[in-house]
Every structure is written in C-alpha cells, then in structure tokens.
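Read off the chains here:
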Amino acid sequence: MTTTFSFAQTENVDSYLTSLKNSGQDSKLSHLKHLLYDIQSAIYSSSTGIKVYGEKPTALFADINSLNNLNSAVSLKSDIEIVTIKIENSADLNKSIDLNSFSGFEKLKYVFIISKIETNPAVINNLIKNDTSKYVLLYKISIGG
C-alpha cells in the first residue's frame, strides 16, 4: 500500500482572476466573477445552524467549525459551485479543511478561503487535507474588510 501526500496549492484570488483574463478564458473568468461577487441563491452554514436563501443555491458560505457536518447537514448541494470558508480567529488556523467534506457536492469547482486575520499562503495551504486536484483552491487575506 502506497501513501501519497499531496500539498495543497492555494492561489490568491486576484492573481487567479488575472491569469484567467491573460489566458483569454473569458467565459470562465466571468463565471467565477459571478460566483464571487454577484448576489445569488446561497446556503450559510455556521455553528448555529444552516440557513438557505433562494432556490437551487450555487454558493455555500461556511465557517471552519461547521465543515465536518456539511455533507449530512446540507441537503441542497447538487448546484453548489463555490464554497467560501471564513477563518475568523487564530484558533481557526489550528483546524483543518478536509476536502472530503465536499464529496457529495457534484458541481463544486471552487473552494475560496477568506482569512480575517493576519496569516500567509503557507499556513492556509497547511489547513487543506485530502484530494485537492478536484477543486480550484483560492484564498484572500482580508483584514478588517
């Protein structure tokens, strides 16, 4: 039996958008911008529970503490294309983001990690566990924003 360790490679969201633009992938660029910035049907998952807004949600917003229960707790996962995970305090950096939590989300393409505290890409990469090849992993460090 062989064990392979894959190291996550998250990419700064602004750099990724620029690389899509520069490589002429306009439809992918506009679709990702829509997922990131436009209002859409969404699910919000936190330690206090799950709230669904709209029909056929395409976005899931979660705090790092609610990730382990997502597959069982979220019933409307068939249309989710992006998951936004918030890191809100330094204790969150001791948790992990297990990508297997999203195994039931068939259309999921993007995992977007927003850190509200000072950190760096290496720390964020170390949070990611399991198969990273299925998703585009993006991050933004947004202090006070």
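The sections below set out a description of the structure shown in this document. Computed from a predicted structure; not experimentally measured.

1. Comments concerning the environment of I113
- Of note, I113 is situated in strand β7 (residues 110-115).
- Taking C-alpha positions, I113 is 9.6 Å from N12, a pair spaced 101 residues apart along the chain.
- If sequence neighbours within four positions are ignored, I113 has contacts with T10, I85, I87, I97, I124, I128, L138, Y139 and K140.

2. So, the nonpolar core
- Grouped together as the largest cluster of nonpolar side chains are 25 residues, with contacts concentrated most on I85, I97, F102 and I113.
- Core analysis: the second largest hydrophobic core is formed by 15 residues, L17, Y110, F112 and L138 among them.

3. Some words on the side chain of D79
- Looking at the element boundaries, D79 is found in the loop between α3 (70-73) and β5 (82-87).
- A polar side-chain atom of D79 sits 3.1 Å from a polar atom in the side chain of K107.
- Once you skip the residues sitting within four places of it in the chain, D79 turns out to touch K56, P57, T58 and K107.

4. Focus: helix α1 (residues 13-22)
- Looking only at α1, the buried set comprises V13, Y16, L17 and L20. What you see down the axis of α1 is that its buried residues fit within an arc of 100 degrees, all on one side.
- In this fold, the buried residues of α1 make contact with β1 (11-12), α2 (26-37), β7 and β9 (136-141).
- At the N-terminal boundary of α1, the capping side chain belongs to N12, with an oxygen 2.8 Å from the backbone nitrogen of D14.
- Where α1 ends, the next residue or the one after it, G24, has phi of about 75 degrees, a positive value.

Criteria and cut-off values
- Residues numbered from 1 in each chain as written.
- Predicted model: local features only at pLDDT ≥ 70, side-chain atom pairs only at ≥ 80, totals over all residues.
- Heavy atoms only, no water.
- Helix = DSSP H or I, 4+ residues; strand = E, 2+ residues; numbered from the N terminus.
- Contact = heavy atoms within 4.5 Å.
- Core = buried A, V, L, I, M, F, W, Y, C linked by side-chain atoms within 4.5 Å.
- Buried < 20%, exposed > 50% of the residue type's maximum accessible area, 1.4 Å probe, protein only.
- Polar contact = N/O pair within 3.5 Å; in protein donor to acceptor, adjacent residues only side chain to side chain.
- Arc of directions from axis to C-beta.

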